[in-house]
Amino acid sequence: MLAPLLSLALAALHPMTVDDLLAVPRVGEPELSPDGQLVAFTVARPNASGDALEAALYLVSTRGGEPRRLAGAAGERVGTPRFSPEGRRLAFVSTRAGSSQAFVLPVKGGEPRQVTRLAGGVGELLWSGDGAALLVTSDVDPACGADPACNEASAKAAERRPHLATRLLFRHWTSWRERTRSHLLRVPVEPGPAGAPAATVDLTPGDRDVPPFQRGDGGDLAVSPDGRTIYFVAVEDRVEATSTNADVYALPATGGEARRLTAGAGWEGSPRPSPDGKLLAFRSQPRAGYESDRFHLMVMPVAGGPAHDLTATSELSVRELSWANGGKALRFTADLAGRVELFQADLVTGRVEQLTRGRNLSALTASRSGLVFAALADSLVRPPEVVLLEGGEPRRLTRFGDPALAQVQPVSYRPLEARSKDGALTHGWIVQPPGARPGEARPAVVLVHGGPQGAWHDGWSFRWNPMLWASQGWTVILPNPRGSTGWGQAYVDAVNHDWGGKPFEDIMAVTDAAVVAGEADPARTCAAGASYGGYMINWLNGHTDRFRCLITHAGDFDLESAYYDTEELWFPEWELGLPWEHQAEYDRWSPHRFVTSWKTPTLVTHGELDYRVNVAQGYSTFTALQRRGVESKLLVFPDEGHWILKPRNARVFHEVVFGWVREHLH
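Note that the coordinates shown come from a computational prediction; the quantities given were computed from them, not determined experimentally. (Residues numbered from 1 in each chain as written. Predicted model: local features only at pLDDT ≥ 70, side-chain atom pairs only at ≥ 80, totals over all residues. Heavy atoms only, no water.)

A word on the nonpolar core
Formally: By nonpolar core we mean a set of buried residues, namely Ala, Val, Leu, Ile, Met, Phe, Trp, Tyr and Cys, connected to one another through side-chain atoms within 4.5 Å. The cut-offs for exposure are 20% and 50% of the maximum accessible area for each residue type, with area from a 1.4 Å probe on protein chains only; residues under the lower value are buried, those over the upper are exposed, and the others partly exposed. Only runs of H or I of at least four residues qualify as helices and only runs of E of at least two qualify as strands under DSSP, and these elements are numbered from the N terminus. Contacts between residues were defined by any pair of non-hydrogen atoms, one from each residue, lying within 4.5 Å.
Core analysis: the largest hydrophobic core is formed by 42 residues, its most contacted members being Met 16, Leu 447, Trp 460, Trp 464, Trp 469, Leu 478 and Val 661. Here the element with the most residues in this core is helix 13 (residues 647–665); it accounts for seven residues. The contact partners of Met 16, leaving out residues within four places of it in the chain, are Leu 21, Leu 405, Val 408, Trp 460, Asn 465, Met 467, Leu 468, Ser 471 and Gln 472. Among the nonpolar cores identified, the runner-up in size contains 36 residues, and Val 448, Trp 499, Trp 539 and Leu 550 belong to it.

Following this line, the structure appears as structure tokens:
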């Protein structure tokens with residue numbers, strides 16, 4: 001009797017659609033309360049027009065139960081929840097006042113109260129140690145500091161003036177940055193006498209960004225346990241576009257002269273004071289100019305002295321970190337073989353222990369005692385949800401994604417390995433469509449990740465979702481070629497000065513492995529990629545005719561011109577050198593040098609606001625294809641940058657991309 005019922009249930013399911021992907025609530029930004037009893041988090045969904053996401057603030061008990069919605073009206077975007085030191089109040093950033101401003105509300109519930117009214121809005125958010133003020137980052141005119149009237153006048157004047165740059169980095173991702181700096185401001189929570197706004201203090205005056213504009217990851221600010229010291233990260237190099245040299249500073253909470261604590265050649269950030277306030281943990285990259293160097297876990301006395309590397313004998317690159325066990329250990333996440341796992345480093349023994357296996361974690365957050373941890377957990381087929389890490393094993397606290405995927409047919413996936421041309425073992429994943437039978441060679445799509453120092457994790461994506469691609473009836477191949485993270489630093493470094501060499505061979509080897517396994521039809525295979533993946537698609541077009549069609553998004557066409565029109569110069573300078581000194585290197589790996597071999601039908605997509613890979617690279621790619629007589633299309637989004645983020649644009653992107661693949665595979 002159960003078999004017919006099961007068959008009926010499966011028959012009611014449908015392959016995943018773009019609508020299904022957009023309907024999945026986006027759970028994020030977990031924040032554990034100081035006593036470890038509650039987790040605040042956000043849930044984002046597309047707004048009514050589909051041109052942005054709106055997000056609400058929720059609270060869930062670590063014992064379990066139904067999450068409680070605290071704030072978030074239609075059209076509002078809420079983010080960055082932060083518990084007050086005593087745990088009875090929540091501060092967060094909201095757009096309900098028209099721009100991103102800081103609000104505070106009681107944890108028990110009530111109406112949020114606006115705390116900031118800053119012309120430059122609010123970015124990062126912390127509580128002062130005494131809970132009397134908020135520490136916020138805001139874009140200010142350095143000449144104005146915290147003066148609200150001055151900043152308001154400066155912002156209005158800038159709207160009427162052309163862009164004027166006097167330094168590199170004058171723009172980043174989608175923003176121009178020639179006249180403002182991000183500063184850390186102290187804003188009292190309670191108003192002044194007779195309800196007047198209390199005085200706001202600029203704690204980091206001057207012509208520099210705090211935290212650094214170019215690589216801030218949201219974890220480069222901290223407050224000491226006694227509330228007397230603020231730790232921040234800054235870059236002192238005047239040519240910021242070529243520098244990855246950041247250091248950690250200590251600043252009196254009342255303001256004053258900042259003291260530099262680190263002096264390494266590379267990036268040092270994510271400061272985390274120990275529970276007793278005597279030690280400071282931080283992440284450190286030893287090599288100057290290399291944004292993808294391994295992050296070491298360092299600990300030093302806050303009073304000064306040498307730092308100790310807790311991961312000196314490890315290959316792990318530290319992502320997020322928190323103190324554990326009352327200051328006796330540190331917990332951190334790191335890439336490992338296609339997942340992000342949880343680890344613990346003991347301060348006394350120096351032992352590094354892996355606490356989870358087969359998990360993919362992000363957004364690690366800890367209680368004050370370091371005995372309770374929460375995070376987000378996801379997989380290739382499950383969106384992120386809040387989990388409690390009990391001893392290391394995750395326990396789900398939220399299930400927002402379950403209703404959205406309840407009627408979606410499941411897909412299957414597994415790791416995939418291959419021997420590359422030089423004999424090296426390379427890695428990846430293979431995702432099979434609903435109902436796929438073992439040994440059945442289906443039409444296939446190879447998806448090349450960006451970076452190049454990135455990876456296809458066993459994790460969810462709202463942009464390039466392998467489950468959605470597989471649900472179109474295609475086998476999806478996800479190579480992690482050399483340059484990918486999670487298999488040691490030597491594997492990462494192997495892409496340097498070899499962009500189209502070993503990574504290309506690795507991608508082809510993983511594709512061949514899927515064919516040999518009988519799961520991909522070699523005569524019906526397309527390839528797609530974004531950023532470095534888009535570059536690799538352009539490279540494939542000049543070096544193989546294996547694919548029936550190609551999709552290149554935000555991909556470089558001419559590496560020399562791309563150097564001059566990008567914003568972060570440290571990246572091409574490390575990877576390829578200065579073009580006027582290493583012309584042969586740029587020529588060797590530039591796709592535009594091989595357009596005479598281009599013959600594969602190609603769809604080119606790009607965002608006009610992309611400052612990382614300028615839209616001119618997309619135009620050039622399309623022009624070359626058209627003049628070579630290669631079947632091609634160009635899809636450009638005037639209101640997008642490096643990624644296609646707006647829900648309505650994501651729908652168009654998938655419709656055009658999937659239509660292109662169907663046209664050439666079926």
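With respect to empty space enclosed by the protein
Formally: Site definitions follow a grid-based scheme: protein atoms alone, a 1 Å grid, a 1.4 Å probe that fits but cannot get out for cavities, and for pockets an open set with protein on both sides within 12 Å along at least five of seven lines, plus lining residues having an atom within 4 Å of a point. Grid points are joined across faces, edges and corners, and a volume is the space filled by probe spheres set on the points. When residues are sorted by character, Ala, Val, Leu, Ile, Met, Phe, Trp, Tyr, Cys and Pro go into the nonpolar class, Asp, Glu, Lys and Arg into the charged class, and all the rest, Gly among them, into the polar class.
Applying the stated criterion across every chain yields a total of three cavities of 30 Å³ or more. Quantified by volume, the largest cavity comes out at close to 80 Å³. Considering the residues around the largest cavity, the lining is formed by Phe 462, Arg 463, Trp 464, His 553, Trp 643, Ile 644, Ala 650, Phe 653 and His 654. The greatest single-element share of the lining of the largest cavity, amounting to three residues, is contributed by helix 13. Partitioned by chemical class, the residues of the lining of the largest cavity number six nonpolar, two polar and one charged. Considered as a void within the structure, the second largest cavity measures approximately 60 Å³ in volume. Forming the walls of the second largest cavity are Leu 118, Ala 119, Gly 120, Ser 138, Asp 139, Val 140, Gly 145, Ala 146, Asp 147, Pro 148, Asn 151 and Leu 185.

Points about the packing of helix 7 (residues 502–516) against helix 8 (residues 532–543)
Let me state the cut-off plainly: Axis lines are fitted through C-alpha atoms, for helices just across the contact stretch, and the angle between N-to-C directions can take any value from 0 to 180 degrees. Reported orientations rely on four angle classes, namely roughly parallel under 35 degrees, roughly antiparallel over 145, roughly perpendicular from 65 to 115, and oblique for the rest.
The interhelical angle for the contact between helix 7 and helix 8, taken along N-to-C directions, is 80°, at an axis separation of 11 Å. On the basis of their axis angle, the class for helix 7 and helix 8 is roughly perpendicular. The residues of helix 8 that touch helix 7, namely those facing Pro 503, Phe 504, Ile 507 and Met 508, are Tyr 532, Met 536, Trp 539, Leu 540 and His 543. For the contact of helix 7 with helix 8, the residue count by class is eight nonpolar, one polar and no charged.

Some words on the pattern of salt bridges
To keep things clear, this is the line we draw: Should a side-chain nitrogen of Lys or Arg be within 4 Å of a carboxyl oxygen of Asp or Glu, the pair is scored as a salt bridge.
Considering all chains together, one arrives at 39 salt bridges under this definition. We note a salt bridge from Glu 568 to Arg 612, for which the minimum N-O separation is 2.9 Å. Pair noted here: Glu 568 is in the loop between helix 9 (559–565) and helix 10 (570–575) and Arg 612 is in the loop between strand 37 (602–607) and helix 12 (615–627), with a separation of 44 residues, a long-range link. Among the salt bridges present, the one from Asp 639 reaches Arg 648, with a minimum N-O distance of 3.3 Å. Accessibility expressed as a relative area gives 35% for Arg 648, which makes it partly exposed.

Focus on the state of the cysteines
Quick reminder of the rule: Working definition: a disulfide is two cysteine sulfur atoms within 2.5 Å of each other.
Using the criterion set out here, one finds two disulfides in the structure. The disulfide partner of Cys 526 is Cys 549, and the S-S distance across this bridge is 2.1 Å. Between Cys 526 and Cys 549, the S-S dihedral sits near 120°, and the bridge is therefore right-handed. Within this pair, whereas Cys 526 is found in strand 35 (residues 520–530), its partner Cys 549 is found in strand 36 (residues 549–553), the two being separated by 23 residues in sequence. Residues Cys 526 and Cys 549 agree in their burial class; the two are buried. Assigning the bonded cysteines of the chain consecutive numbers by sequence position, one obtains the connectivity 1-2, 3-4.

Some thoughts on helix 7
Spelled out, the test is: A helix is expected to span 1.5 Å for every residue after the first.
Given a rise of 1.5 Å per residue, 15 residues ought to cover 21 Å, and the 21 Å separating the end C-alpha atoms of helix 7 matches this to within 8%. Just downstream of helix 7 lies Gly 518, where phi reads positive at about 80°.

Concerning the layout of surface pockets
Of the volumes computed, that of the second largest pocket is approximately 420 Å³. The wall of the second largest pocket is formed by 17 residues, among which Ala 155, Ala 158, Trp 176, Arg 179 and Thr 180 lie closest to the centre. Put simply, the parts of the chain that give the lining of the second largest pocket at least two residues each are strand 10 (133–140), helix 3 (148–159) and strand 12 (175–176). A breakdown of the residues in the lining of the second largest pocket according to their chemical character gives five nonpolar, six polar and six charged.

A closer look at the side chain of Gln 472
Let me state the cut-off plainly: Here a polar contact means two N or O atoms within 3.5 Å. Within protein one must be a hydrogen donor candidate and the other an acceptor candidate, and residues neighboring in sequence count only if both atoms are side-chain atoms.
Tracing the backbone through its elements, the reader meets Gln 472 in the loop between helix 5 (466–470) and strand 34 (475–480). Within the structure, Gln 472 has its side chain in polar contact with the backbone oxygen of Leu 468 (distance 2.8 Å). Residues in contact with Gln 472, not counting those within four places in the same chain, are Met 16, Phe 658 and Arg 662.

As for the sheet that holds strand 16 (residues 229–235)
Hydrogen bonds along the backbone pair up the strands of a sheet, which may run parallel or antiparallel. Basically, it comes down to this: Being paired, for any two strands, means DSSP has found at least two bridges between them.
Spatially, the four strands line up as an open sheet ordered 15-16-17-18, and their pairing is antiparallel. Each edge of the open sheet is held by one strand with a lone partner, namely strand 15 (221–223) and strand 18 (259–260). Bridging between strand 16 and strand 17 (residues 246–252) involves seven bridges; their strand directions are antiparallel. Opposite Val 233, over in strand 17, you have Val 248 as the bridge partner.

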